[in-house]
Amino acid sequence: MSEMITADLVDLDLSAESKEAAARALAERMVAQGRVTDLEGFLADVAAREAQMPTGLDGGIGIPHCRSEHVTEPTLAFGRSAAGIDFGAADGPADLIFLIAAPAGADDAHLTILSSLARQLMNTEFTDALRAVSDPGTAAALIRGEEPPAAEAKGAAATSAEAASAEGAEGAEGAEGVDGAKGAPENTATASAAASADAAAGSTAPAVPDETAAGKAPQPFRIVAVTSCPTGIAHTYMAAESLENAGREAGVELVVETQGSAGFTRLDPGVIAAADAVIFAHDVPVREKDRFAGKPTVDVGVKAGINRPADLITEVRAKAERGEKTALAGAATGGTPVDRAGDSTEGYGTKLRKWLMSGVSYMVPFVAAGGLLIALGFAIGGWTVNKAPSVMDHFVWTQADSWGALLFQIGGMAFNFLVPVLAGYIAYGMADRPGLVPGFVGGAISLSINAGFLGGLVAGLIAGGVVMAIQRVNIPAALRGIMPVVVIPLISSAIVGFLMFVVIGKPIAAAQKGMTDWLNGLTGTNAILLGALLGLMMCFDLGGPVNKVAYTFATAGIAVASPSDSAMKIMAAVMAAGMVPPLAMALATTVRGKLFTPTERENGKAAWVLGASFISEGAIPFAAADPLRVIPSAMVGGAVTGSLSMMFGATLRAPHGGIFVVPLIGNAFLYLVAIAAGVCVSTALVILLKGTRKQPGDAVSGSAGTPAEDKRGAKQPIAA
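Residues numbered from 1 in each chain as written. Predicted model: local features only at pLDDT ≥ 70, side-chain atom pairs only at ≥ 80, totals over all residues. Heavy atoms only, no water.

Engineer: Go over the overall build of the chain with me, naming the residues and quoting the values.
Structural biologist: In terms of regular secondary structure, the chain is built from 27 helices and ten strands. The buried share among the 720 residues of the chain stands at 53%. For the chain, restricting intrachain contacts to residue pairs at least 6 apart in sequence, the fraction spanning at least 24 positions comes to 73%. Split by element, the accessible area of the chain, about 29,100 Å² in all, is 62% carbon and sulfur. (Helix = DSSP H or I, 4+ residues; strand = E, 2+ residues; numbered from the N terminus. Buried < 20%, exposed > 50% of the residue type's maximum accessible area, 1.4 Å probe, protein only. Contact = heavy atoms within 4.5 Å. Areas by Shrake-Rupley, 256 points an atom, 1.4 Å probe, with all protein chains shown as cover.)

As structure tokens, then:
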């Protein structure tokens, strides 16, 4: 790590009061050393990564980090704060802050060295030494590994065989991460230490544990684990180190496969086969997850692997004792718990949102395809095309009406899948593949009893819950093979069908009818206020959960063969408002470019296309860099557009498409006027707000990174 941190990249008296200010202070040191070419662009990448998941860790540590095109070489800056800075850790503010910057295409060796620092942060002697150091040069040397903390020296000097086998494995692991050259220890008591050292150094996969290694003692409990995080630099390896340490304390053999930015070395199939249980600590999908199927499994977010590894080990051992196992065939290849339940410490509301979004994400393509086909059918065949006979009975190749009827009827068939797909994939998000059959059955029943979209939501949740309950039953080994294909689909479908037909179907159908009647009755001020509210929601988090709620509400209204006029007005208002933020940022960078960084001006060019295509996420780079000015401006413009669209009575049958579906929009001219008005309002506000602040990064980035800035393309920030 000799080239990654120097004394000039250390601030032992960091005076920042917020995590943004801390990142800026440390990033400015990187700019001064020529390690970062564009301060604002790099900070936008850091902020985008921070928005995915807080980087604070228990023990007073903050590790803001990202991969960025504005970084010239892997770099580490360290700051120590006397007052502490909130990085989102559960135990309070952080006093040790490590800003890790990796180039977008960083090589494996450098990323391996950075990951070794992440492992070192789990060593209390290492962090205590950093808290006590008084000289920046000494702090840099400690981080580079040139002055190892006392505990590592003690481990290296241990003389007893037992101490050498335990402490030596840990010491070799730390030294190997620093030098990037040493191999695994020659004599270890467990395969866990050797495997983790091999993974850290990027060497070959560990071999099957030696059956005689336990000696006279009984065979220890064996666990294999996988850790990963969005960037794959810090949390991935900290979770691995934390799990390995907890495994040694618990007396279990624990081998970790780290799926980081530098790639990953697959665990030996024999190691996985011999394991008694599996722990997944991840925030991105586990690669080749089916390798671990058929074993007791605990599935959590990566921070749980860092903060409570002992609890995870206890939990997975309890599952093994109860005989709880994942499905043997194929189930592990489906949607990941990142998309379903996430960290087991999350509240029920968070899990519910993820389950519902799982269903919506699979339903939206059906809405888009069906809606566009139906809209094209009306455009080609006229507004009476919905009364045309089946094209199976009457189709004339030379008549436009026949082609319009064909498109309309294909779109109608696609719409018939909406509610079953919604229900099926909500259940899938909760219970994986076994939830699909009862979910689809419940969704189909919802259609047949006119319970509609609400019925699909309820049916999916019930189906997932029923399957999860069945999976908790301890089944004899002889029956486990037929559970996913016979027993679970049979029992769960029967239960869901009974509940939907006999118990809750009629009340839900009545609620669906009431909601439809309410939408049809919206006129005047109520409709305008609803448009403003939907506009605010669409622009609040730019593609996040609140945005998705508004979009789902709109698509639910048109997800029928003959949507009401009010439902199509709502869809039009939602799409119009969603186009405002990126278009406003594009216009602002055009008329007042000096208020924006060179990177933001380049992003502004792309935002024209993204906004015109109804991709609200095109404004995220601007919001991440300056949320307090960009997001309120976007929300005001979105509210203006949404209310004007409702007031003008614009309608839209298609759920997506932006300006490319303008010919299918009712009152298209006034619709474009509404969008233009909102864009102008947002542009004026963001220019006004940005014009009142000083641009602190211009001088720094201009002096340090001008040559590189001339060569950059219009790329989005990288925060993997």
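Let us keep going from here.
Engineer: Quick one: what's the story with the packing of helix 1 (residues 19–32) against helix 2 (residues 39–52), residue by residue and with numbers?
Structural biologist: Taken N-terminus to C-terminus, the directions of helix 1 and helix 2 make an angle of 140°; their axes are 10 Å apart at the nearest point. One way to sum up the angle between helix 1 and helix 2 is to call them oblique. Note that helix 1 runs across helix 2; the crossing there is right-handed. Residue-level inspection shows Lys19, Ala23, Arg24, Ala27, Glu28, Met30 and Val31 of helix 1 in contact with helix 2, the latter providing Leu39, Glu40, Phe42, Leu43, Val46 and Glu50. (Axes fitted to C-alpha atoms, helices over the stretch in contact; angles between N-to-C directions. Parallel < 35°, antiparallel > 145°, perpendicular 65-115°, else oblique. Left-handed = near helix turned anticlockwise from the far one by under 90°.)

Engineer: Lay out the side chain of aspartate 95 with the relevant residues and their values.
Structural biologist: Along the polypeptide, aspartate 95 turns up in strand 6 (residues 94–103). Polar side-chain contacts of aspartate 95 include one of 2.8 Å to the side chain of arginine 131. Excluding residues that lie within four positions of it along the chain, aspartate 95 makes contacts with Gly60, Gly79, Arg80, Ser81 and Arg131. (Polar contact = N/O pair within 3.5 Å; in protein donor to acceptor, adjacent residues only side chain to side chain.)

Engineer: Outline the pairing of strand 8 (residues 253–258), supporting the account with residue identities and numerical values.
Structural biologist: Where burial is concerned, most of strand 8 is hidden: six out of the six residues are buried. Where burial is concerned, the two faces of strand 8 agree: the one with Glu253, Val255 and Glu257 and the one with Leu254, Val256 and Thr258 are both buried. Inspection of the sheet shows strand 7 (residues 222–228) paired to strand 8 by six bridges, in the parallel sense. When the sheet's bridge partners are listed, valine 226 is paired in strand 8 with glutamate 257. (Pairing = 2+ DSSP bridges.)

Engineer: If you had to explain the nonpolar core to someone new, which residues and values would you point to?
Structural biologist: Ranked by internal contacts, the top residues of the largest apolar core, which has 67 residues, are Val574, Met575, Leu652 and Tyr671. Considering each element in turn, this core owes the most residues, 17 residues, to helix 22 (residues 565–591). If we skip the residues at most four places from it in the chain, tyrosine 671 touches Ala572, Met575, Ala576, Ser645, Ala650 and Ile665. Within the second largest apolar cluster, 50 residues are counted, among which are Ala16, Phe98, Leu142 and Ile306. (Core = buried A, V, L, I, M, F, W, Y, C linked by side-chain atoms within 4.5 Å.)

Engineer: Break down the pattern of salt bridges for me, citing the residues and quoting the values.
Structural biologist: This model, assessed by the stated rule, comprises 13 salt bridges. A single salt-bridge network, built from bridges that share partners, covers Asp626, Arg629 and Lys690. (Salt bridge = Lys/Arg side-chain N within 4 Å of Asp/Glu carboxyl O.)

Engineer: Give me a nonpolar patch on the surface: which residues, what numbers.
Structural biologist: A contiguous nonpolar patch, built from Leu376, Ile380, Trp397 and Trp403 and spanning about 440 Å² of accessible area, is present on the exposed surface. Within the secondary structure, tryptophan 397 sits in the loop between helix 13 (348–381) and helix 14 (400–415). Classification of tryptophan 397 by relative accessible area gives exposed; the value is 66%. (Patch = residues over 30% accessible without salt bridge, like charges linked within 9 Å, V, L, I, M, F, W, Y side chains within 5 Å.)

Engineer: So what about unusual backbone geometry? Which residues, and what values?
Structural biologist: Here the phi dihedral of asparagine 450 falls at roughly 65°; this positive angle occurs in a residue that is not glycine. For asparagine 450, a relative accessible area of 62% translates into the label exposed.

Engineer: So, the confidence of the model for the chain: which residues are in play, and what are the values?
Structural biologist: Averaged over the chain, the pLDDT score is 77; the fraction of residues at 70 or greater is 77%. Scored below 50 in pLDDT, residues 150–215 makes 86 contacts in the model with residues more than four places away or belonging to other chains. Note that pLDDT drops below 50 for residues 695–720; the model gives that stretch 49 contacts with residues more than four away or on any other chain. (pLDDT = per-residue confidence, 0-100.)

Engineer: Which residues make up the sheet that holds strand 7, and what values do they have?
Structural biologist: Taken together, the four strands give an open sheet; going across it, the order is 8-7-9-10, and neighbouring strands pair in parallel fashion. Of all the strands in the sheet, just strand 8 and strand 10 (297–300) have a single pairing partner and so form its edges. With direction set aside, neighbouring strand axes in the sheet form an average angle of 15°. Sheet topology note: the strand 7/strand 9 (residues 277–282) ladder contains six bridges and is parallel. Residue pairing for strand 9: serine 228 is matched across the bridge by histidine 282. Contacting strand 7, strand 8 and strand 9, helix 9 (residues 235–250) runs over the sheet at an angle of about 175° to strand 8.

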